[in-house]
Structures are given as C-alpha cells and as structure tokens.
Amino acid sequence: MIHWLPLVDAVLNATSAVLLLCGFYFIRRKNIPAHRACMLAAVGTSVAFLICYLTYHYVHGVTRFPGHGAVRAFYLSLLGSHTVLAALIGPLVLTTLYRAWRQSFDRHRTIARWTLPVWIYVSITGVVVYWMLYHMRFS
C-alpha cells in the first residue's frame, strides 16, 4: 500500500536540492523574486517529504540495511551525519525564513550561509541513503 513512499521521498529530496541550488543561483544574480520562489518551493517539498517520511515509517517501521563490511560502515556513517543534520535543519530553515519575512536581510544572509549547505547536504544524502537502502545490490 505505501511501498512507493520511499521513492516519493527521494524525488522530493532531489527536488529540494535542485530548488536550493536554483535559489542560490538567483540570489547571486540579485533576482530576489526567483530566489524567493525557489526557496519557498524548497520548503514546500521538504515539508511534503517529512509528511511522507513520517507516514511511511509510522506504518512500515524500520528498514534494515542489508549490506555488510565496509559498505555498511559507510552507510551507517552517511546515515548518522544525515540524521544529525536533518534534525538541525528544521530550526535553521525556520530561523532563516523568519529573518527574511521580517526583512532583516543582514541577519538572514548570516544564517543562510550555514542553512543552505547543510540543507543541500541533507537533501542529497537523503537520495543516496534511499539508493543504498532500496536499490544497491549485494552479492
């Protein structure tokens, strides 16, 4: 019934990463309306991801990584960094958005320099974790 949700999560994570990179591109060119649109869309895709992720794991539970040895160590290291930073990204994004909404752009820029790379990392590693967990083949 919900077996397709991990794929949806990966697509949402990849979409968030692309939107974040586009938002960065636009702000570097001082195209504020396009930047705002990309960043708000990235927030939307990230919220949709969180809803799908929580729904899947509420219904399905934990999925164990089937690999062993060095690939397992790499996976667990990647998953660990992804999980810790994913827990931090919510408050960072909310603070960054709040500062933009309040038009405190100097403070917005200061925190956005931290928020953006962490958010991109979390989005990309989410896709890698999905691929390793559901599509990587082990012999």
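Here the structure is a predicted model, which is why all the values come from computation and not from measurement. (Residues numbered from 1 in each chain as written. Predicted model: local features only at pLDDT ≥ 70, side-chain atom pairs only at ≥ 80, totals over all residues. Heavy atoms only, no water.)

Moving on to the side chain of Thr45. Residue placement: Thr45 occurs in helix α2 (residues 32-60). A distance of 2.5 Å separates the side chain of Thr45 from the side chain of Ser16, its partner in a polar contact. Sequence-distant contacts of Thr45, defined by excluding residues within four places in its chain, comprise Leu12, Thr15, Ser16 and Leu19. (Helix = DSSP H or I, 4+ residues; strand = E, 2+ residues; numbered from the N terminus. Polar contact = N/O pair within 3.5 Å; in protein donor to acceptor, adjacent residues only side chain to side chain. Contact = heavy atoms within 4.5 Å.)

Okay, the pattern of salt bridges next. In total, this model carries one salt bridge according to the counting rule given. Of the charged contacts, one joins Arg109 and Asp106 as a salt bridge, the two residues approaching to 3.1 Å between their closest N and O atoms. In this pair, Arg109 and Asp106 are both assigned in helix α4 (residues 105-134), three residues apart and thus about one turn of the helix distant. (Salt bridge = Lys/Arg side-chain N within 4 Å of Asp/Glu carboxyl O.)

Further remarks concern the state of the cysteines. Taken as a whole and assessed by the stated rule, the structure comprises zero disulfides. Free of any disulfide, Cys38 has its nearest neighbouring cysteine sulfur in Cys22, separated by 5.1 Å. Look at Cys38 and you get buried, because its relative accessible area is 10%. (Disulfide = S-S within 2.5 Å. Buried < 20%, exposed > 50% of the residue type's maximum accessible area, 1.4 Å probe, protein only.)

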